[in-house]
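Observations on the three-dimensional arrangement
The residues making up each chain are set out below.
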Amino acid sequence: MAIVDRTRELERLAEERGGIGWGGRSAREMLAESERLFAETGRYFGIEELELKRNDPIRFEKLFSRLRGGLVSARETALNISASPIVKEIGELSFALYTPEGDSVALSTGIIVHVHTMSDAIKYMIRQGYEDNPGIAPRDIFTNNDAMIGDVHNADVQTIVPIFWEGELVGWAAGVTHEIDIGAKTPGSVPVGPISRFEDGIDLPAKKIGSDDELWRDHVLAGLKGTRTPMYWTLDEKTRIAGCHMVREAVERVILEEGVEAYKQFIREVIEDGRRSFQSRVREMLIPGRYRAPAFTENAFAKEEQLPSYARVDTMMHAPVEIRVTRDAKLEMDYEGASSWGYHSSNCTPSAMQGAVWVQLTQTLIPNDKVNDGAYLGLNTNFPPGTWTNHSNPQASTGIAWAFLIPSFMGFIKSVSRALQARGFVEEVLAPYGLTSNAFQGGGIDQYGRQSATTNFGLSCVGGGGKMILDGLDYAAAMWNPEGDMGDMEMWELIEPFLYIGQRVKPNTAGPGRHRGGSGYEALRLAWKTPFYEMQNIGNGRMFIQTGLWGGYPAATGYRHNVRNTNFFELVERREPYPTHEPDPADSELARMIEGERQFDLETTTLPEVMRQGDLYLCCFRGAAGVGDPLERPYESVMADVEGGYLLPRYAESVYGVKPGDVAKTDARRAEMREERGRRAVPVREWMRSERQRILDGDMIEPIKVMYAESIRLSESWAREFREFWDLPEDFDFDVPTPTVELTKALREQEATIG
Ligand code: MN
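Below: a short report on this structure. Here the structure is a predicted model, which means the values were calculated and not measured. (Residues numbered from 1 in each chain as written. Predicted model: local features only at pLDDT ≥ 70, side-chain atom pairs only at ≥ 80, totals over all residues. Heavy atoms only, no water.)

Notes on the packing of aromatic side chains
In total, this model carries 30 aromatic pairs according to the counting rule given. Taking 6.0 Å as the distance between ring centres and 75 degrees as the angle between the ring planes, the aromatic pair formed by Y335 and W388 counts as edge-to-face. Here Y335 is found in the loop between strand 10 (331-334) and helix 12 (350-362), whereas its partner W388 is found in the loop between strand 11 (379-382) and helix 14 (402-408), with 53 residues between them in sequence. Centre to centre, the rings of W341 and Y343 are 5.2 Å apart; their planes meet at 75 degrees, and the pair counts as edge-to-face. Overall, Y343 belongs to the partly exposed group, its relative accessible area being 27%. Positioned above the aromatic ring of Y500 is the side chain of R525, whose terminal nitrogen or guanidinium carbon lies 3.7 Å from the ring centre. (Phe/Tyr/Trp six-rings, centres within 6.5 Å; stacked < 30°, edge-to-face > 60°. Helix = DSSP H or I, 4+ residues; strand = E, 2+ residues; numbered from the N terminus. Buried < 20%, exposed > 50% of the residue type's maximum accessible area, 1.4 Å probe, protein only. Lys NZ or Arg CZ within 6 Å of the ring centre and 35° of its normal.)

Brief notes about the packing of helix 11 (residues 260-285) against helix 15 (residues 410-423)
Their axes nearest at 8 Å, the elements helix 11 and helix 15 cross at an angle of 60 degrees. Seen from helix 11, the contacting residues are R283, E284 and M285; seen from helix 15, they are A419, L420 and R423. Considering only residue class, the contact of helix 11 with helix 15 consists of three nonpolar, no polar and three charged. (Axes fitted to C-alpha atoms, helices over the stretch in contact; angles between N-to-C directions. Contact = heavy atoms within 4.5 Å. Nonpolar A, V, L, I, M, F, W, Y, C, P; charged D, E, K, R; others polar.)

Examining the coordination of the manganese ion
Protein ligation of the manganese ion involves H153 (NE2), D156 (OD), D156 (OD) and H178 (ND1), the donor distances falling in the range 2.0 to 2.7 Å. When the donors of the manganese ion are listed by position in the chain, the intervening gaps give H-x2-D-x21-H. Highlighted residues: D156 in strand 4 (residues 156-165) and H178 in strand 5 (residues 168-178), separated in sequence by 22 residues. As far as burial versus exposure is concerned, D156 and H178 are alike and both buried. (Donors = N, O, S within 2.8 Å, 3.2 Å for Na, K, Ca; no water.)

As for helix 12
Here helix 12 contains 13 residues, and its C-alpha end-to-end distance of 19 Å stays within 8% of the 18 Å for a straight helix at 1.5 Å per residue. When you tally the buried positions in helix 12, you get twelve out of 13 residues, the bulk of the element. Taken residue by residue, helix 12 has S351, A352, M353, Q354, G355, A356, V357, W358, V359, Q360, L361 and T362 as its buried positions. (Expected span 1.5 Å × (residues − 1).)

With respect to the side chain of R670
Here R670 shows up in helix 21 (residues 663-680). Nearest to the buried, unbridged R670 among oppositely charged side chains is D667, at 5.4 Å. In this structure R670 touches P630, L631, E632, R633, V638, Y656, G657 and V658, once residues within four positions along its chain are discounted. (Lys, Arg positive; Asp, Glu negative; His and termini not counted. Salt bridge = Lys/Arg side-chain N within 4 Å of Asp/Glu carboxyl O.)

Focus: the side chain of S711
Structurally, the position occupied by S711 is in helix 23 (residues 702-714). When its relative accessible area of 0% is taken as the criterion, S711 is described as buried. A polar atom in the side chain of S711 sits 2.6 Å from the backbone oxygen of G337. Ignoring sequence-local partners within four residues, the contact set of S711 consists of H318, G337, A338, S339 and W718. (Polar contact = N/O pair within 3.5 Å; in protein donor to acceptor, adjacent residues only side chain to side chain.)

Focus on the sheet that holds strand 14 (residues 498-505)
A sheet is described by the order of its strands in space; here five strands give the open sequence 14-15-20-17-18, paired in antiparallel fashion. At either margin of the open sheet sits one strand with a lone partner, and together these are strand 14 and strand 18 (597-601). On average, each strand axis in the sheet is tilted by 10 degrees relative to the strand beside it, whichever way the strands run. Examined bridge by bridge, strand 17 (residues 560-564) and strand 18 share five bridges and lie antiparallel to one another. Across the sheet, H561 pairs through a bridge with F600, a residue of strand 18. (Pairing = 2+ DSSP bridges.)

As for the sheet that holds strand 16 (residues 533-537)
If you trace the four strands from one edge of the open sheet to the other, you get 13-12-16-19, paired in antiparallel fashion. Strand pairing shows two members of the sheet lacking a second neighbour, strand 13 (451-455) and strand 19 (606-611), which therefore form its edges. Strand-to-strand twist of the sheet, defined as the mean angle between neighbouring strand axes without regard to direction, takes the value 20 degrees. Summarising the sheet, strand 16 and strand 19 pair through four bridges and their orientation is antiparallel.

Overview of the nonpolar core
In this structure, W172, L331, L365, F409, F412, F722 and F734 are the most contacted members of the largest nonpolar core, which totals 132 residues. With seven residues, helix 12 is the largest single contributor of residues to this core. A106, A173, I241 and I255 belong to the second largest nonpolar core, which has 42 residues in total. (Core = buried A, V, L, I, M, F, W, Y, C linked by side-chain atoms within 4.5 Å.)

Some words on the pattern of salt bridges
Tallying each qualifying case throughout the model produces 53 salt bridges. The partner of E48 in a salt bridge is R43, and the shortest N-O contact between them spans 3.7 Å. The exposure class assigned to E48 is exposed, which follows from its relative accessible area of 59%. When salt bridges with common partners are traced through the structure, they connect R290, R292, E322, R324, E332, D334 and E721 into a single cluster.

A word on the packing of helix 22 (residues 684-697) against helix 24 (residues 716-726)
Where helix 22 contacts helix 24, the axes come no closer than 10 Å and their chain directions differ by 125 degrees. The orientation of helix 22 with respect to helix 24, classified from their angle, is oblique. On helix 24, the residues that touch W687, M688, E691, R692 and I695 of helix 22 are F722, F725 and W726. Within the contact of helix 22 with helix 24, the residues separate by chemical class into six nonpolar, no polar and two charged. (Parallel < 35°, antiparallel > 145°, perpendicular 65-115°, else oblique.)

Put into structure tokens, the structure is as follows:
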């Protein structure tokens with residue numbers, strides 16, 4: 001008899017024993033107790049001694065390894081069920097195991113940002129009384145993709161399965177995949193178009209969708225109607241369920257062999273162990289203090305005639321990120337003073353922000369497999385309501401929550417890197433990552449004459465941040481998935497009606513520095529056998545969205561170069577050469593050789609516009625920031641960059657002071673450049689005086705005034721500090737309207753009235 005059948009025999013209905021929790025309690029009572037004990041003692045479940053770990057350390061490690069192994073193998077096996085390149089090729093999925101209260105015990109590899117978001121979703125179901133209605137029973141299946149409950153955006157769809165042992169809830173298995181299309185207002189999975197939640201696509205706010213290990217038919221049928229890519233949707237869902245069931249079976253095997261009491265003790269201890277080891281990493285690796293690194297991004301929509309007037313505006317977003325390392329080795333992350341949410345899809349929820357902290361921790365302080373919600377317990381966060389980090393508006397869109405989340409996490413990486421450097425862990429220092437863009441995304445009629453949509457996950461291979469001892473990783477990093485992979489071109493060509501004309505490193509995308517950031521790459525795509533495919537662009541174009549470390553420069557901004565109604569096929573017929581890439585936009589074969597209707601500008605975040613057979617789309621992926629003064633970069637490294645196509649020759653001198661072929665002249669030029677810098681510099685006092693005058697005169701573009709006015713009106717403490725720092729009048733404010741801030745205040749009053 002198979003192990004699954006044997007364990008099923010052991011299951012009894014929850015009703016026979018009262019609550020589904022331990023000892024006849026309800027899951028809600030267990031969660032409340034867990035929170036009470038943590039609040040009272042500062043330790044998970046108030047645990048003082050890690051008895052299992054102390055008395056039988058080998059068994060403790062064995063238990064962990066078997067559960068972790070079960071999770072990793074569930075992921076590696078289940079992803080083969082999927083047909084979506086995002087899941088199958090790139091591995092944009094992960095599985096995790098939770099306690100009955102929803103705290104993560106262990107996780108697989110993959111998009112581990114969701115280990116904490118799924119914890120939020122489980123706790124939501126427990127708090128909302130799902131145990132009584134719609135019921136939580138053995139072999140049930142739940143799903144969620146609501147960022148206000150516990151997710152980043154609708155595209156990340158979660159499957160959650162409770163694990164029972166003899167009628168008692170002993171945990172939850174959960175898995176997530178990023179869908180290729182989510183049925184939003186505009187095609188793809190990170191839609192630029194939505195300005196409200198009602199346009200974000202398929203909406204699954206923590207729902208029960210199956211029982212007896214079978215999906216309910218109504219849910220399956222609704223899924224087929226909800227997206228532009230029903231086949232991927234269906235297979236992804238099977239992937240998640242299969243993985244969850246494999247995780248459940250791994251747990252059951254462990255319980256059969258080790259006994260349920262040992263299992264229960266283990267899942268408590270391993271989280272407290274995770275909390276302690278996180279705290280000791282913080283104590284060991286970081287210098288206590290207050291680290292600050294503000295971040296900004298653009299949202300240029302004034303040009304979008306499809307949008308209603310209230311959304312057709314250019315806005316800027318502000319994140320005054322402060323990281324505090326306390327004396328007792330707590331890590332605190334504070335977004336006090338962030339600007340408002342807006343009528344666009346780049347808003348976030350605390351769950352998304354928490355998830356991102358999580359994945360960043362695994363790439364900095366806890367880069368090992370011994371990571372669970374213990375780390376979350378060692379962290380305090382402040383994402384103020386009404387800001388873009390915590391929109392708190394039941395109607396706001398979160399379709400591309402990553403659009404500012406990623407740039408704002410520059411504040412985290414920079415701060416942690418400074419603290420690591422201060423402690424002497426220079427090998428761990430990392431400059432900010434690249435923005436995972438451009439997103440090649442759209443939908444329409446594909447090369448088979450069928451309706452389809454795509455989000456090309458080549459974007460999970462942008463530049464990694466420069467390091468203190470090495471250059472950043474070239475075209476192989478994504479801040480949200482430590483295992484970024486661009487997938488095979490042939491696989492993307494199978495599902496997208498666009499051929500790859502060329503794909504190669506994009507020069508000058510890396511932020512210069514003594515150690516430069518990782519480079520991005522570019523792909524030139526030819527629309528192929530499609531009568532129409534609506535294509536959009538995502539990414540920064542007008543402003544730098546990151547800074548480097550200790551004199552390192554930010555990565556390049558992006559641009560758009562798409563051409564419609566081209567002469568491409570005429571060139572081919574005449575057997576004349578055609579361009580395959582665009583290393584230098586200032587001297588572009590794409591501009592010289594290809595005729596047509598050209599979009600060659602800084603409009604890098606756009607709503608979809610139609611392309612068809614023969615049109616060309618240049619997809620430029622971003623690089624990352626550098627570390628240290630570029631004038632200190634060794635001559636040989638600069639020359640290698642030029643020869644390898646990472647740096648355009650003319651920048652060897654203008655940025656790095658390198659005279660190709662002449663080391664002595666290089667040294668002389670660098671000395672000269674240092675003097676030029678000195679001549680250009682002004683004393684800080686003078687610079688501050690002139691900047692202060694600009695603030696008083698309102699001498700800045702409207703979006704900047706609105707951005708600061710939002711911060712001032714949403715946060716008294718930030719406003720006070722801003723006024724004090726610039727020595728402004730006590731009631732200083734910018735004379736601009738901030739309608740979303742007013743709405744946030746009205747929503748709060750409304751909430752207070754409703755109760
Ligand atoms: Mn996602």
